[in-house]
Amino acid sequence: MTKYRLLLSTALPAFIAFGIAAPASAETLNVVASFTVLADVVKQVGGDHVKVSSLVGPNGDPHEFEPAPADAKKLNAAKVTFVSGEGLEGWMDRLIGASGYKGMPIVVSEGINTRTMVDDGKTIADPHVWNSPVNVKVWVANIEKALIAADPADAADFKANAERYTKTLSDLDAYAHSKFDKIPEDRRKVLTSHDAFGYFGREYNVNFLSPLGVSTETEASAAGVAKLIEQIKTEHVKTYFFENSNDPRLVKQVAKATGAEPGGELYVESLSKANGPAPTYEKMFRYNVDQLAAAMAKSS
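Below, the structure is looked at part by part. Note that the structure is predicted; figures quoted are calculated from it, not measured.

Definitions and limits used
- Residues numbered from 1 in each chain as written.
- Predicted model: local features only at pLDDT ≥ 70, side-chain atom pairs only at ≥ 80, totals over all residues.
- Heavy atoms only, no water.
- Helix = DSSP H or I, 4+ residues; strand = E, 2+ residues; numbered from the N terminus.
- Buried < 20%, exposed > 50% of the residue type's maximum accessible area, 1.4 Å probe, protein only.
- Phe/Tyr/Trp six-rings, centres within 6.5 Å; stacked < 30°, edge-to-face > 60°.
- Lys NZ or Arg CZ within 6 Å of the ring centre and 35° of its normal.
- Contact = heavy atoms within 4.5 Å.
- Salt bridge = Lys/Arg side-chain N within 4 Å of Asp/Glu carboxyl O.
- Pairing = 2+ DSSP bridges.
- Axes fitted to C-alpha atoms, helices over the stretch in contact; angles between N-to-C directions.

## Details of unusual backbone geometry
Of note in this structure, N59 is not a glycine but carries a positive phi near 65°. Even without being glycine, E86 reaches a positive phi, approximately 55°. Following the sequence through the fold, E86 ends up in the loop between β3 (80-83) and α4 (92-99). For E86, a relative accessible area of 34% gives the class partly exposed.

Shown next, in the form of structure tokens:
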């Protein structure tokens, strides 16, 4: 055996042991999520074993999203597709039909204790479940199960990632309580663009008032806006927030009529771009908590 062959024969096992020469044993899953918040949580659970694309982009509105041909192509190529459910993605059935996608989307909100609300005269389930990290734990369990079914070889990694991220969600919940529990309950009131913070309000006993209902597609009636203005004055709501993913003009109009002061921008249904303040779900939630708590503490 030549000196070169001897060196190669002794070095090769070491390279394989350190994972350098061996090819990946499992595939990288091509995954589609309906909107950016969900896409980030899928990425947290999937780690390096998934390539995640979001149909609705950063700062996009999942209620008013209009799929393009590129979205149909993206969906058709997906191994696994995730939606939040509860009526959020009203456009998904049309997109599936147009794309020729053969799979069934995984509904990650299945198993969440949903709240009901009246919207346009109808009682419906509130789809904005992710604004409570307690609910996102259910997302994580459903995502983990679906990824393991699609890629059993990487089950241990999915399980470890899910456990780690569930701990992160528990930390976020504790962080929110540490901020809001010390604020007097009668000061935990804010005005927002539309009714998307119901689960946040339920979890941390915060009262959110808004001129629009569950969806940004609905139109606020003059009578409804007048009633809201009266309520804000009666309850002495001091601060209003607008949202990154929809038109702030109506909430500013209500604020002007009531004297409420601007508290800033909240990230409710969409993450920011990578260079913004809310590029991940964890950062989005902490940012919203900080903005809201600061406004309430200032008014107390």
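## Describing the packing of aromatic side chains
Within the structure shown, the criterion is met by 14 aromatic pairs. Taking the centre distance of 4.6 Å and the plane angle of 10° together, the rings of F197 and F208 count as stacked. Of the two residues, F197 sits in the loop between β7 (189-191) and α7 (198-204) while F208 sits in strand β8 (residues 207-209), which places them 11 residues apart along the sequence. F197 sits in the buried class, given a relative accessible area of 1%. Cluster of aromatic residues (ring-pair linked, three or more members): F180, F197, F200, Y204, F208, Y281 and F285. Above the ring of Y175, the side-chain terminus of R286 is found at 4.6 Å from the ring centroid.

## What to know about the side chain of N288
Turning to its location among the elements, N288 is positioned in helix α10 (residues 281-299). For N288, a relative accessible area of 1% puts it in the buried group. If we ignore the near neighbours within four places in the chain, the residues touching N288 are F197, L266 and Y267.

## Here we look at the pattern of salt bridges
Counting across every chain of the model gives four salt bridges. Between D126 and R115 there is a salt bridge, with its nearest N and O atoms 2.5 Å apart. Taken as a pair, D126 in the loop between β6 (122-125) and α5 (133-150) and R115 in the loop between β4 (106-107) and β5 (116-119) lie far apart in primary sequence, 11 residues in all. Judged by relative accessible area, D126 falls into the buried class, the value being 0%. On the accessibility criterion, R115 (21% relative accessible area) is partly exposed.

## Thoughts on the sheet that holds β4
The strand order across the open sheet built from four strands is β2-β1-β3-β4, with neighbouring strands paired in parallel fashion. The two strands at the open ends of the sheet, each matched to only one other strand, are β2 (50-54) and β4. Bridge analysis of β3 against β4 gives two bridges, and the strand direction is parallel. Paired with F82 across the strands is I106, a residue of β4. Here helix α2 (residues 36-46) sits on the sheet and contacts β1 (29-33), β2 and β3; the angle it forms with β2, its principal contact strand, is near 175°. Relative to β3, α5 is tilted by about 170°, and along the sheet it contacts β1, β2, β3 and β4.

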